[in-house]
Amino acid sequence: MTTFADLGLRPELLRAVQDAEYDTPTPIQAQAIPVALRGTDLLGCAQTGTGKTAGFLLPILQRLAQGKRGRLRALVLTPTRELAAQIGESARTYGKYLPVRSTVVFGGVGLRPQEERLHQGVDLLIATPGRLLDHLERGNLEFSALEVLVLDEADRMLDMGFLPDVRRILRTLPTERQTLLFSATMPQEIEILAYQTLKTPVVIDVGRRATPVSTVRQVIYPVEPDQKRDLLCHLLKHGNMKHVLVFTRTKVRAERLARHLAQIGRRVEALHGDKSQGARTQALDGFRNGRVEVLVATDIAARGLDVEGISHVVNFDVPNIPEDYIHRIGRTARAEATGDAISLVSSEELDCVRAIEHLIGITIPRRLVVGFEPGAETVRRFTQQPAVSRAARVASGAIRHFGPRNRGNRHRAWA
Ligand code: AMP
């Protein structure tokens, strides 16, 4: 088995990795680090939770440890503030024994402190595209010394409409550079971007594309829309759910649900785009340190969220974009631990579920909870036209035959 020492990393980085208690490199790290150290371009098909951040940061830090300091030599572009902050944190963790200066810039907070840090000179910059452009326009950035560019979560940048910004940024960078592009899925626009920006890249595909982390146990609870809230409360009470991330479709629904859960005595916070940066950081910190047991979030706010030990991801609303389902459930079962993904699905959301099942290639098992069974019409819609063939459903474990032993179970198999 490959060890970190086999990958050709400097002793300072090996020590930092050891301090972080990483025993062995994850598959993306084992494959990407040697390629990136050689200076070759890379196309990494990997979702969050695979360890891709260290996969690009360790080689970058190794490069920055040599050569001139205080000039911007490496840039990481990432879609959200939370992700940028996390990568910045990782850069500090892995680079703690090296004299490399890194900083993070993202929107929603004042420009001034960021401006000051940039003027002091940084080697590595982690940025969201919009804020990076703000700094470029103000003359706070100079890319002539840039050697490495990372485009992180490229598919998400596309979804969030950032591709034009990314292209504007690309035009200002030296063409002679190393580029590492990571994306969980490969929509056509990203393939084109990769074709245009990467020079004879090595392609690394960890796991199948657009497939959820294999260790997540997935289940669907068919339910009437007006029963969702009570079903969630019931599951929170009886389901041994300790550290739960709940996704809603809108900010208003996140806020409303969080308020209700607080009223019934849950330690809960909401995380969405209408909250100030301070409130978002506080909610996240609380969730990380265990003060908050349930975090109710919208997709954009929770994008790339890296919190250890999330036991359950709950889709209070099914996402309209099937890939979002993969991103959401990737929040649990991080770095190969196991986790549960629960979706509360009303009959109006069935089409979205079918699109998700088509994307991931399995039918997610259905379960009923006694007392929360949906009405006859919902049952009829759920049992129409399965998305995947019966043979595939049996193979995936979606169809189980419960014998007499299981009668009386509170959680019953659906099919
Ligand atoms: P990422 O996919 O980069 O967001 O990383 C997911 C999580 O895995 C983070 O919490 C990392 O700290 C953790 N991690 C990264 N590399 C390793 C490793 N080699 N061994 C154990 N955990 C790791």
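Residues numbered from 1 in each chain as written. Predicted model: local features only at pLDDT ≥ 70, side-chain atom pairs only at ≥ 80, totals over all residues. Heavy atoms only, no water.

Trainee: What should I look at first to understand the overall build of the protein chain in this one?
Mentor: The secondary structure content of the protein chain amounts to 17 helices and 15 strands. Within the span of the protein chain, comprising 415 residues, buried residues form 54% of the whole. A fraction of 75% describes how many contacts in the protein chain between residues 6 or more apart in sequence connect residues 24 or more apart. Of the roughly 18,200 Å² that the protein chain leaves accessible, carbon and sulfur atoms contribute 49%. (Helix = DSSP H or I, 4+ residues; strand = E, 2+ residues; numbered from the N terminus. Buried < 20%, exposed > 50% of the residue type's maximum accessible area, 1.4 Å probe, protein only. Contact = heavy atoms within 4.5 Å. Areas by Shrake-Rupley, 256 points an atom, 1.4 Å probe, with all protein chains shown as cover.)

Trainee: Could you clarify how one ought to interpret the packing of aromatic side chains in this entry?
Mentor: Given two aromatic rings, their pairing is described by the distance between the two centres and the angle made by the two planes. For the structure shown, the criterion picks out two aromatic pairs. Plain terms: the ring middles of Y22 and Y94 are 6.1 Å apart, the flat faces sit at 65 degrees to each other, and that makes the pair edge-to-face. Here Y22, found in the loop between α1 (11-19) and α2 (27-38), pairs with Y94, found in helix α4 (residues 81-94); they are 72 residues apart in sequence, far enough to count as distant. Residue class for Y94 comes out buried when judged on its relative accessible area of 4%. (Phe/Tyr/Trp six-rings, centres within 6.5 Å; stacked < 30°, edge-to-face > 60°.)

Trainee: Mind showing me how you'd approach the sheet that holds strand β9 (residues 244-247) here?
Mentor: Where strands meet in a sheet, backbone hydrogen bonds hold them as pairs that are either parallel or antiparallel. Pairing is parallel across the open sheet formed by six strands, whose spatial order is β8-β13-β12-β9-β11-β10. Here the strands that pair on one side only, and so sit at the sheet edges, are β8 (216-222) and β10 (268-271). Direction aside, neighbouring strands of the sheet carry axes that sit 20 degrees apart on average. Sitting on the sheet, helix α14 (residues 322-329) is in contact with β8, β9, β12 (312-315) and β13 (339-345), with an inclination near 155 degrees to β12. (Pairing = 2+ DSSP bridges. Axes fitted to C-alpha atoms, helices over the stretch in contact; angles between N-to-C directions.)

Trainee: Is there a simple way to explain the packing of helix α3 (residues 52-65) against α4 in this structure?
Mentor: A pair of packed helices can be characterised by two numbers: the angle between their axes and the separation between those axes. Following both chains from N to C, one finds α3 and α4 inclined at 50 degrees, their axes separated by 10 Å at the closest point. The orientation of α3 relative to α4 falls into the category oblique. Handedness of the α3/α4 crossing: right-handed. Contact with α3, carried on its side by T53, A54, F56, L57, L58 and L61, involves I87, S90, A91 and Y94 of α4 and no other residues of that element. The residue makeup of the contact of α3 with α4, split by class, is eight nonpolar, two polar and no charged. (Parallel < 35°, antiparallel > 145°, perpendicular 65-115°, else oblique. Left-handed = near helix turned anticlockwise from the far one by under 90°. Nonpolar A, V, L, I, M, F, W, Y, C, P; charged D, E, K, R; others polar.)

Trainee: Honestly, the pattern of salt bridges in this entry has me stumped. Any pointers?
Mentor: Pairing between side chains of opposite charge can happen when the charged atoms of each approach one another. Applying the stated rule across the entire model yields 26 salt bridges. Among the ionic pairs, K96 bridges to D19, the shortest N-O distance being 2.9 Å. Placement of the pair is K96 in the loop between α4 and β3 (102-105) and D19 in helix α1, with a sequence separation of 77 residues. The shortest N-O distance in the salt bridge between D274 and K251 comes to 3.3 Å. (Salt bridge = Lys/Arg side-chain N within 4 Å of Asp/Glu carboxyl O.)

Trainee: Help me out: how do you make sense of helix α6 (residues 129-137) in this one?
Mentor: For an α-helix, the turn length of 3.6 residues means that residues three or four places apart are oriented alike. Considered for burial, the residues of α6 that qualify are P129, R131, L132, L133 and H135. Trailing α6 by a residue or two, G139 shows a phi angle of about 75 degrees, which is positive.

Trainee: So what exactly am I meant to see when it comes to the site of the ligand here?
Mentor: Close contacts around the ligand come from 16 residues, with Y22, Q29, G49, G51 and T53 the closest. The separation between an oxygen atom of the ligand and a polar side-chain atom of Y22 is 2.5 Å. Between T53 and the ligand, the recorded distance is 2.6 Å, taken from a side-chain N or O atom to an oxygen atom. In isolation the ligand exposes 500 Å². Once the protein is present, 85% of that is buried. Within the shell around the ligand, the residues separate by chemical class into four nonpolar, eight polar and four charged. Mapped onto the domain boundaries, the shell around the ligand takes at least three residues apiece from domain 1 (4-206) and domain 2 (216-413). (Near = heavy atom within 4 Å. Polar contact = N/O pair within 3.5 Å; in protein donor to acceptor, adjacent residues only side chain to side chain. Domains from an automatic or database assignment.)

Trainee: I would appreciate a short explanation of the side chain of E293 in the present structure.
Mentor: Assignment of secondary structure puts E293 in the loop between α12 (277-289) and β11 (294-297). Here E293 is in contact with K242, H243, V244, R266, R267 and F287, once residues within four sequence places are set aside.

Trainee: What's the story with the environment of A46 in this structure? I'm lost.
Mentor: Tracing the sequence through the fold places A46 in the loop between β1 (42-45) and α3. Put simply, A46 and F182 are 136 residues apart on the chain and 6.5 Å apart in space, counted from C-alpha to C-alpha.

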